[in-house]
Amino acid sequence: MILRVDNLVKHYGAGRGAVVHAADGVSLEIAQGEVLGLVGESGSGKSTVGKCVLRLTEPTSGTIELDGRDITHLSRRALRPLRRDVHMVFQDPYSSLNPRFTIEQIVAEPLRRHGVAKGGEVSRRVTAMMERVGLPRQMLARFPHELSGGQRQRVGLARALILEPKLVVADEPVSALDVSVQASVLNLITDLQRDMGFSCLFITHDLSVVRFLADRIAVMYLGEIVETGPTDQIFAEPRHPYTQALLSAAPVPDPVEQRQRRRVVLGGEIPSPLDPPPGCRFHTRCPLAQDVCRTAVPALRDPYGGRHTVACHLVTDEKIPDATAAH
Ligand code: SF4
């Protein structure tokens, strides 16, 4: 496994003894060359998990293993060589690119920081990387503000990939872009991932974004993973009422199917992570909630095999709940 996160907890103090439960017992794995889509609404804790993986924030408890090595408590100094192996692509490419640096300086920066290339080798690798992300070499002398959003995200990708990392953490890399350029950047990420073979933790609020990119999907709700499974299975047979609701809200290309679909309309907002509901955290919005859901925490189980796990009291060996039938 390239990445193994076990029972990760991240709580923040929020003043006056209040605690934000950003991540509560999150476990996930990413194999060599695998793409895991981590999906959830804003406030679900998905970005916190990404930051903990990169050690941009310190976990409260749990372990993070990178390529078989426990990095949970490594000092900044000891982490430094490992930073070559993990890179991040941010949501907003503009704020993550230094406005005073040229594109060439930005893309070359990881090579220089880690001392892996010098002189002509640096420009050779930078030029090759620009070509891979579909940007003309003339752009190297420009500054970030001279580029479009899509071009800036391509620069962000070039910078993240120039050291050929083993793992890329991409946090909503297309959600700040115009819809018209989202697809081309997603296609580029897909092509680069297939060519270069890096593993990827792809964080998004939009399930449809990861449909053709992720091998597996993990759905998060209020700091916990509620369902994980192979992408095809999650789309064909979502088992958790929350996943069913997310999928029923996503548009489908076929207008007939779109009209016939039963939608699950979730009431209210995601509750505050300052005071998550007891029992199943989804019970305040779940159309199928029963008494047991208000008190007992459902465990993540894999009732049918196939590495498709779900945390819901109503999933039994014989039955999968159907939240779309509740309306
Ligand atoms: Fe809904 Fe209960 Fe299942 Fe939670 S455990 S998703 S509240 S049915």
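Calculation notes
Starting from 1, residues in each chain are numbered consecutively following that chain's sequence as written. Confidence filtering applies because this is a predicted model: local features only for residues at pLDDT of at least 70, side-chain atom pairs given and counted only at 80 or more, and all residues used for totals across whole chains, interfaces and linings. As a convention, hydrogens and water are excluded, and side-chain values are obtained from all of the structure's heavy atoms. Only DSSP runs of H or I with at least four residues qualify as helices, and only runs of E with at least two residues qualify as strands; both kinds are numbered from the N terminus onward. As used in this structure description, the phrase polar contact means that two N or O atoms lie within 3.5 Å; if the pair is within protein, one of them must be able to donate a hydrogen and the other to accept it, and residues adjacent in sequence are counted only when both atoms belong to side chains. Whether two residues touch is decided by their heavy atoms; if any such pair falls within 4.5 Å, the residues are in contact. To be near a molecule or strand, a residue needs just one of its heavy atoms within 4 Å of it. Polarity classes work like this: nonpolar for Ala, Val, Leu, Ile, Met, Phe, Trp, Tyr, Cys and Pro, charged for Asp, Glu, Lys and Arg, and polar for all others, with Gly in that last group. A simple rule labels every residue: compare its accessible area, found with a 1.4 Å probe on the protein chains alone, to the largest value its type can have, and call it buried under 20%, exposed over 50%, or partly exposed in between. Each nonpolar core is a collection of buried residues, namely Ala, Val, Leu, Ile, Met, Phe, Trp, Tyr and Cys, held together in the definition by side-chain atoms within 4.5 Å. Here, a strand pair is defined by DSSP locating no fewer than two bridges between the strands. The handedness of a crossover follows from its direction of travel: if, with the strands pointing away from the viewer, the path from the first strand over the helix to the second runs clockwise, the crossover is right-handed. All axes here are fitted lines through C-alpha atoms, helices being fitted over the stretch that makes contact, and every angle between N-to-C directions spans 0 to 180 degrees. When the near helix sits turned anticlockwise from the far one by under a right angle, the crossing is termed left-handed; a clockwise turn instead gives a right-handed crossing. Oblique is the label for every angle not falling under 35 degrees (roughly parallel), over 145 degrees (roughly antiparallel), or within 65 to 115 degrees (roughly perpendicular).

### Digging into the side chain of T324
So, step 1. Mapped onto the fold, T324 is located in the segment after β11 (309-310).
So, step 2. A distance of 2.4 Å separates the side chain of T324 from the side chain of D322, its partner in a polar contact.
So, step 3. With residues near it in sequence (within four places) discarded, T324 still touches Q244, R262 and V264.

### Some details on the site of the ligand
So, step 1. Taken together, H240, P241, C280, F282, H283, C286, L288, A289, C293, C312, H313 and L314 form the complete shell of residues around the ligand.
So, step 2. Residues that form the shell around the ligand fall into these classes: 9 nonpolar, 3 polar and no charged.

### Considerations on helix α3 (residues 103-113)
So, step 1. For α3, the complete set of buried residues consists of I103, I106, V107, A108, P110 and L111.
So, step 2. Of the surrounding secondary structure, the elements contacted by the buried residues of α3 are β6 (86-89), α4 (119-132) and α5 (149-161).
So, step 3. Of the residues one or two after α3, G115 is the one with positive phi, at around 60°.

### Looking at the nonpolar core
So, step 1. V126, F202 and I217 are the most contacted members of the largest nonpolar core, which totals 67 residues.
So, step 2. In this structure, L38, L54, L201 and A218 belong to the second largest nonpolar core, which totals 29 residues.

### Some details on the sheet that holds β6
Strands in a sheet are paired, the pairing made by backbone hydrogen bonds, and the direction either parallel or antiparallel.
So, step 1. What the 7 strands build is an open sheet, ordered β6-β7-β8-β3-β9-β10-β11; its pairing is mixed. Edge positions in the sheet fall to β6 and β11, since each of these pairs with one other strand and no more.
So, step 2. In terms of strand pairing, strand β7 (residues 167-171) meets strand β8 (residues 199-204) through 5 bridges, oriented parallel. For V168, the partnering residue across the bridge sits in β8 and is C200.

### What about the pairing of β8?
So, step 1. Along β8, 6 of the 6 residues are buried, which leaves the element largely enclosed by surrounding structure.
So, step 2. Neither face of β8 is exposed, since S199, L201 and I203 on one face and C200, F202 and T204 on the opposite face are all buried.
So, step 3. Pairing between strand β3 (residues 35-39) and β8: 5 bridges, direction parallel. Paired with L38 across the strands is I203, a residue of β8.
So, step 4. Each parallel crossover has a hand, and for β7 linked through helix α6 (residues 179-196) to β8 it is right-handed.

### Examining the packing of α3 against α4
So, step 1. As a packed pair, α3 and α4 sit with axes 10 Å apart at the nearest point and diverge in direction by 120°. α4 is crossed by α3, and the crossing has right-handed handedness. In contact with I103, E104, V107, A108, L111 and R112 of α3, α4 contributes V122, S123, R125, V126 and M130.
So, step 2. Split by residue class, the contact of α3 with α4 holds 7 nonpolar, 1 polar and 3 charged.

### As for helix α1 (residues 46-53)
Spacing of three or four residues puts side chains on the same side of an α-helix, whose turn is 3.6 residues.
So, step 1. Burial within α1 is extensive, with 6 of its 8 residues counted as buried.
So, step 2. Within α1 the residues assigned to the buried category are K46, T48, V49, G50, C52 and V53.
So, step 3. At the exit of α1 stands R55, carrying a positive phi of roughly 60°.

### Describing the packing of α5 against α6
So, step 1. Packing of α5 against α6 leaves a shortest axis separation of 11 Å and a crossing angle of 15°. Compared by their axis directions, α5 and α6 come out roughly parallel. Where α5 crosses over α6, the two elements pack in a sense that is right-handed. Contacts between α5 and α6 involve G150, Q153, R154, L157 and L161 from the former and S184, V185, L188, I189, L192 and M196 from the latter.
So, step 2. Taken together, the residues that form the contact of α5 with α6 break down as 7 nonpolar, 3 polar and 1 charged.

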